[in-house]
Amino acid sequence: MERTELNTLGEFGLIDRISSKFTSQNHETIKGIGDDAAVIDVGDKFMLVSTDMLLEGIHFDLSYTPLRHLGYKAVAVNVSDIAAMNGIAKQITVSIGLSNRISVEAIDELYEGIRFACEDYKVDLVGGDTAASRSGFVISITATGFVEKDKIAYRNGAKPNDILCVTGDLGAAYFGLQVLEREKQVYLANPEMQPELQEKEYIVGKLLKPEARTDIIHELNELGVVPTSMIDISDGLASELMHLCTQSGVGAMVFEDKLPIEDQTMLTATEFNISPITAALNGGEDYQLLFTVKQADFEKIKNLSDVLPIGYMTANKTVELALTSGGTAAIKAQGWNHLEK
Ligand code: ADP
Ligand code: MG
């Protein structure tokens, strides 16, 4: 029997391979694999279902991740996937894999973070599962949410000339991770050293305590604007934009000088000698929303303080960055590929 290595497919290739072997058997299943959340017809609304798993050593390092933050983040990233469908999360289930390295007090801390997030996002913890793990700590959360049927935003609805918008700023979490990794190495070499995190609160905070942009979903709803397509940025702008473009059958032009990058991100980029633009495009873990709106709708949202137009969609299928120095460069998806080692 032939053996194919996982890295020849990559994460997205593997998901395509799995999904190609299934067809929906229930008419209530409106959208299965392939968007930020599954879409289920429950009568007058659509129900949304999304799940995300975080693994110790892959997604977080317990030596610098407070469990309270981890609990909060695990909820926020799921709420973010529901938001990416233009929906509001309502319930979560939480499954944990525990090793005996984890104390009861540590679990209390984790659930304190989960409870804070439940309060912030107004979601209810309604179940889960608890099991033993031999290979580190695992937390997997499933969120359900709802959206009015005429307000749902898929990844595949972008049209040429739609305005491409992003919320908040990009690249901060990536540099937050670089800083924490650097301080960890310093500490391992000399445990007497105190971590140097002054003036890094913003970027470290973006990594450890990301917020789901449910606020934006409420604002869009109040202004009567439904994005033509939407995705949340977990793997980096480039990778998520490729998903919008591929699924919508369009291209995009993004302006380099419009990419929102905070001062602390810029300064840390210089310190690490890494391009802030590369981090904004490929860093990941921003959990901002990337969406497209019709030009007429952009007029209605242009005054929102935390929504920024960064480009527009095109009929040709190329995805390009208009460089500040002139000319263009192709945008390639280089998001995290956990299966590539
Ligand atoms: P996101 O980054 O928004 O969480 P993913 O890239 O993880 O999205 O997943 C893309 C799509 O593939 C989603 O619809 C997700 O439910 C589905 N998916 C991911 N892994 C699997 C799997 N092992 N089996 C079935 N569906 C999967
Ligand atoms: Mg997503």
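Here's what I pulled together on the structure shown here. Bear in mind that the values here come from a model prediction, so they are computed numbers and not experimental data.

Each value, and the rule that gives it
Residues numbered from 1 in each chain as written. Chains lettered and ligands numbered in written order. Predicted model: local features only at pLDDT ≥ 70, side-chain atom pairs only at ≥ 80, totals over all residues. Heavy atoms only, no water. Core = buried A, V, L, I, M, F, W, Y, C linked by side-chain atoms within 4.5 Å. Buried < 20%, exposed > 50% of the residue type's maximum accessible area, 1.4 Å probe, protein only. Helix = DSSP H or I, 4+ residues; strand = E, 2+ residues; numbered from the N terminus. Contact = heavy atoms within 4.5 Å. Disulfide = S-S within 2.5 Å. Patch = residues over 30% accessible without salt bridge, like charges linked within 9 Å, V, L, I, M, F, W, Y side chains within 5 Å. Areas by Shrake-Rupley, 256 points an atom, 1.4 Å probe, with all protein chains shown as cover. Salt bridge = Lys/Arg side-chain N within 4 Å of Asp/Glu carboxyl O. Axes fitted to C-alpha atoms, helices over the stretch in contact; angles between N-to-C directions. Parallel < 35°, antiparallel > 145°, perpendicular 65-115°, else oblique. Left-handed = near helix turned anticlockwise from the far one by under 90°. Nonpolar A, V, L, I, M, F, W, Y, C, P; charged D, E, K, R; others polar. Donors = N, O, S within 2.8 Å, 3.2 Å for Na, K, Ca; no water. Pairing = 2+ DSSP bridges.

### Concerning the nonpolar core
Here's step 1: Formed by 36 residues in total, the largest nonpolar core has its most connected members in Ile92, Phe137 and Ile139.
Here's step 2: The set of elements that each furnish at least two residues to this core consists of strand S3 (45-55), helix H2 (67-83), strand S4 (88-98), helix H3 (104-121) and strand S6 (138-148).
Here's step 3: It is H2 that contributes the most residues to this core, 8 residues altogether.
Here's step 4: Apart from the residues lying within four places of it in its own chain, the contact partners of Ile92 are Val75, Ile114, Cys118, Val123, Asp124, Leu125, Val126, Gly127, Ile141, Thr142 and Ala143.
Here's step 5: Ala158, Leu170, Cys245 and Ile310 belong to the second-largest nonpolar core, a separate cluster that totals 25 residues.

### Some thoughts on the state of the cysteines
Here's step 1: Enumeration according to the criterion identifies 0 disulfides in this entry.
Here's step 2: Summary of cysteine pairing: Cys165 is not part of a disulfide, and the nearest cysteine sulfur, belonging to Cys245, is at 14 Å.
Here's step 3: We classify Cys245 as buried; its relative accessible area is 3%.

### Re a nonpolar patch on the surface
Here's step 1: On the surface, Phe12, Ile15, Ile18, Phe22 and Ile33 cluster together into a nonpolar patch covering about 480 Å² of accessible area.
Here's step 2: Along the chain, the position of Phe12 falls in helix H1 (residues 10-19).
Here's step 3: Owing to a relative accessible area of 35%, Phe12 belongs among the partly exposed residues under this scheme.

### Points about the packing of H2 against H3
Here's step 1: Packing of H2 against H3 brings their axes to within 6 Å, and their N-to-C directions diverge by 40 degrees. For the element pair H2 / H3, the angle class is oblique. Crossing geometry of H2 relative to H3 is assigned as right-handed. Between H2 and H3, the contacting residues are Leu67, Arg68, Leu70, Gly71, Tyr72, Val75, Ala76 and Val79 on the first element and Ala106, Glu109, Leu110, Glu112, Gly113, Ile114, Phe116, Ala117, Asp120 and Tyr121 on the second.
Here's step 2: Of the residues assigned to the contact of H2 with H3, the class counts are 12 nonpolar, 2 polar and 4 charged.

### Remarks on the coordination of the magnesium ion (ligand 2)
Here's step 1: Taken together, Asp36 (OD), Asp81 (OD) and Asp232 (OD) make up the full set of protein donors to the magnesium ion (ligand 2), lying 2.0 to 2.1 Å away.
Here's step 2: Look at where the donors of the magnesium ion (ligand 2) fall in the sequence and you get D-x44-D-x150-D. With Asp36 in the loop between strand S1 (29-31) and strand S2 (38-41) and Asp81 in helix H2, this residue pair connects regions lying 45 residues apart in the sequence.

### Brief notes about the sheet that holds strand S10 (residues 289-293)
Here's step 1: Ordered by their spatial adjacency, 7 strands build an open sheet running S8-S10-S7-S11-S9-S12-S13, and the pairing between neighbours is mixed. Only two strands of the sheet have a single neighbouring strand rather than two, namely strand S8 (229-232) and strand S13 (328-330). For this sheet, the mean inter-axis angle between neighbouring strands, taken without regard to orientation, is 25 degrees.
Here's step 2: Where strand S7 (residues 163-167) and strand S11 (residues 307-314) come together, 5 bridges link them in antiparallel fashion. Residue pairing in the sheet places Leu164 in a bridge with Gly311 of S11.
Here's step 3: Running at roughly 150 degrees to S8, helix H7 (residues 237-248) makes contact with S7, S8, strand S9 (251-255), S10, S11 and strand S12 (319-322) of the sheet.

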